[in-house]
Amino acid sequence: QLQLVESGGGSVLPGGSLRLSCAASGFTLDDYAMSWFRQAPGKEREGVSCISSSGQRINYGDSVNGRFTISRDNAKNTLYLQMNSLKPEDTALYYCARLGGQAVNFDYWGQGTQVTVSS
């Protein structure tokens with residue numbers, strides 16, 4: 001029953017914005033650190049951003065730092081990624097993932113939502 005479902009992806013022009021959502025079910029979101037990853041065809045999965053369970057600690061990948069903002073609404077059991085100033089190189093399938101209780105691995109992943117940035 002545990003599930004992560006991403007939404008909010010789409011096709012946008014360079015410089016545009018999107019807000020991705022990751023709705024969690026089957027567990028309490030505020031018990032876990034969460035992350036966004038992305039993967040483009042032919043490339044390895046790349047870490048985009050991570051946020052602690054409390055929201056107090058946040059990290060961004062170098063390629064998105066200053067453009068993307070991660071946040072969480074624990075009352076709604078939802079993780080967000082606000083994406084601004086999008087570039088063609090941001091085109092990828094974006095996943096949310098849960099960091100397991102011992103912080104050794106990401107134990108649950110969503111199916112992903114596609115983001116395409118092109119003119």
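Visitor: Just checking my understanding: could you explain the pairing of strand β8 (residues 78–83) for this structure?
Guide: A regular strand places its side chains so that they alternate between the two faces of the sheet. The buried count for β8 comes to 5 of 6 residues, which makes it a mostly enclosed element. Here strand β3 (residues 18–25) pairs with β8 via 6 bridges, running antiparallel. Bridged to Leu 20 within β8 is Leu 81. As paired elements, strand β7 (residues 68–73) and β8 share 6 bridges and run antiparallel to each other. Looking at the pairing, Thr 69 lines up with Gln 82 of β8.

Visitor: Quick question: what am I supposed to make of the pairing of strand β9 (residues 92–99) here?
Guide: In terms of residue burial, β9 counts as a mostly covered element, since 7 of its 8 residues are buried. Relative to strand β11 (residues 113–117), β9 is paired through 3 bridges, and the arrangement is antiparallel. Bridge pairing links Tyr 94 to Thr 113 in β11. Hairpin geometry of β9 and strand β10 (residues 106–109) is characterised by an intervening segment of 6 residues between the two adjacent antiparallel strands and by a positive phi of about 60° at Ala 103.

Visitor: What exactly am I supposed to notice about the sheet that holds β3 here?
Guide: In a beta sheet, neighbouring strands are held together by backbone hydrogen bonds and run either parallel or antiparallel to one another. Within the open sheet, the 4 strands sit side by side as β1-β3-β8-β7. Their pairing is antiparallel. Edge positions in the open sheet fall to β1 (3–7) and β7, since each of these has one partner strand only. Pairwise comparison of adjacent strand axes, ignoring direction, gives a mean angle of 15° for this sheet. Pairing between β1 and β3: 5 bridges, direction antiparallel. The partner of Ser 7 across the bridge, within β3, is Ser 21.

Conventions and cut-offs
- Per chain, the residues get numbers from 1 upward, laid out in the order the sequence is written.
- Two thresholds apply to this predicted model, a pLDDT of at least 70 for residue-level local features and 80 or more for giving and counting side-chain atom pairs, whereas whole-chain, interface and lining totals are computed over all residues.
- Excluded from the side-chain calculations are hydrogens and water; all other atoms, namely the structure's heavy atoms, are used.
- Partly exposed describes any residue whose relative accessible area lies between the buried limit of under 20% and the exposed limit of over 50%, with all areas from a 1.4 Å probe on protein chains only and scaled to the type maximum.
- In this description a helix means any DSSP run of H or I spanning at least four residues, a strand means any run of E spanning at least two, and both kinds are numbered starting from the N terminus.
- At least two DSSP bridges between two strands are required for those strands to pair.
- Simply put, an axis is a line fit to the C-alpha atoms, just over the touching stretch for a helix, and the angle between two N-to-C directions goes from 0 to 180 degrees.

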